[in-house]
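Fold and geometry: a report
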Amino acid sequence: MKKGLFITFEGGDGSGKTTQVKLLKEYIAGKGIEVVTVREPGGVPVSEKIREIILDSKNTEMDNITEMLLYAASRAQLVSQVIIPALDSGKCVICDRFVDSSYVYQGIARGMGMDMVKAINDIATRKLVPDITFFMDVEPMTALKRRLGISEPDRLEREDISFHDKVYRGYVMIADMYPERIKRINGLLPPEEVFLQIKRHVDDLICRYKD
Ligand code: TYD
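Being a predicted model, the structure only gives us computed values, none of them experimental. (Residues numbered from 1 in each chain as written. Predicted model: local features only at pLDDT ≥ 70, side-chain atom pairs only at ≥ 80, totals over all residues. Heavy atoms only, no water.)

**Brief notes about a nonpolar patch on the surface**
- On the surface, Ile65, Leu69 and Met116 cluster together to form a nonpolar patch covering roughly 230 Å² of accessible area.
- Topologically, Met116 is positioned in helix H5 (residues 114–125). (Patch = residues over 30% accessible without salt bridge, like charges linked within 9 Å, V, L, I, M, F, W, Y side chains within 5 Å. Areas by Shrake-Rupley, 256 points an atom, 1.4 Å probe, with all protein chains shown as cover. Salt bridge = Lys/Arg side-chain N within 4 Å of Asp/Glu carboxyl O. Helix = DSSP H or I, 4+ residues; strand = E, 2+ residues; numbered from the N terminus.)

The structure is reproduced here in structure tokens:
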């Protein structure tokens, strides 16, 4: 039986997720709640091996369905080995990416469709849904400039941008579909101000959770 809080972070590359995961972990641990943080794809040895296959740039021939199943396989292991046991024992789990990444990257940006992603991931997650999800809202061009530290990206980076635009629009779409769960966080502000937005939601959630 799930007793702990399950919090996930989502957003494009360069949206500042990692910093916020760290800040939130410290904040929740400071309240005396045990916190486990994990990242996807990966998080446990089996899933890290799957991550290597997925992200290896030599695997240029990887089929979209293969890719979707590998993300789901990595997730299934992480859910059963870490997330469910931690939640059952009352810990808070913070996950850097979860099923919403598959909805947006595989379902929307790669065009596999939401229904297929849902069917596969319902099996992988045992239908576990986060209590709250933070979508770090930074437009792709801004995120790219941030990452590269330059003002104008080159041709290849611009081509890449059209994929990241689809990802971004996908996140906006699912945030609109599930406003109760997915909170849109303005990621353009300085990290400490971004964290204030997150903290407000988490304080609310912890209060409701205790009742
Ligand atoms: P990673 O280096 O961990 O990037 P980030 O710091 O942005 O999380 O790489 C993860 C990549 O995998 C990222 O581009 C998003 C993608 N991804 C999917 O396409 N589907 C998924 O289900 C997950 C979890 C990640």
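**A word on the packing of helix H3 (residues 64–88) against helix H4 (residues 99–109)**
- Their axes nearest at 11 Å, the elements H3 and H4 cross at an angle of 175°. Taken as axis vectors, H3 and H4 run roughly antiparallel relative to one another. Where H3 abuts H4, its residues Glu67, Met68, Tyr71 and Arg75 lie against Val99, Ser102 and Gln106.
- Of the residues contributing to the contact of H3 with H4, the split by class is 3 nonpolar, 2 polar and 2 charged. (Axes fitted to C-alpha atoms, helices over the stretch in contact; angles between N-to-C directions. Parallel < 35°, antiparallel > 145°, perpendicular 65-115°, else oblique. Contact = heavy atoms within 4.5 Å. Nonpolar A, V, L, I, M, F, W, Y, C, P; charged D, E, K, R; others polar.)

**Considerations on the site of the ligand**
- The immediate surroundings of the ligand are formed by Asp13, Lys17, Glu40, Pro41, Arg51, Tyr71, Arg75, Arg97, Ser101, Ser102, Tyr105 and Gln106.
- Lys17 places a polar side-chain atom, nitrogen or oxygen, 3.0 Å from an oxygen atom of the ligand.
- The side chain of Ser102 places a nitrogen or oxygen atom 2.6 Å from an oxygen atom of the ligand.
- Among the elements of the structure, H3 and H4 are those that each provide at least two residues to the shell around the ligand. (Near = heavy atom within 4 Å. Polar contact = N/O pair within 3.5 Å; in protein donor to acceptor, adjacent residues only side chain to side chain.)

**Section: the side chain of Ser15**
- Following the sequence through the fold, Ser15 ends up in the loop between strand S1 (6–10) and helix H1 (17–29).
- Of the polar contacts made by the side chain of Ser15, one reaches the backbone oxygen of Gly12; its length is 2.8 Å.
- Setting aside residues up to four positions removed in sequence, Ser15 forms contacts with Met136, Val138 and Arg146.

**Some remarks on the packing of H3 against H5**
- Two elements in contact, H3 and H5, have axes whose closest approach is 8 Å; the angle formed by their N-to-C orientations is 25°. Judged on the interaxial angle alone, H5 and H3 are roughly parallel. In this structure, H3 crosses over H5, and the sense of that crossing is right-handed. Along its contact with H3, which presents Met68, Leu69, Ala72, Arg75, Ala76 and Val79, the element H5 presents Met116, Val117, Ile120, Asn121, Ala124 and Thr125.
- For the contact of H3 with H5, the per-class residue count stands at 9 nonpolar, 2 polar and 1 charged. (Left-handed = near helix turned anticlockwise from the far one by under 90°.)

**Focus: the sheet that holds strand S3 (residues 92–96)**
- Spatially, 5 strands are ordered S2-S3-S1-S4-S5 in an open sheet, and the strand pairing comes out parallel. One side of each edge strand has no neighbouring strand; the edge strands of this open sheet are strand S2 (35–39) and strand S5 (182–186). The average undirected angle you get between the axes of adjacent strands in this sheet is 20°.
- Examined bridge by bridge, S2 and S3 share 5 bridges and lie parallel to one another. Along S3, the bridge assignment pairs Val35 with Cys92. (Pairing = 2+ DSSP bridges.)

These results come straight from atomic positions and should not be treated as a statement about function.
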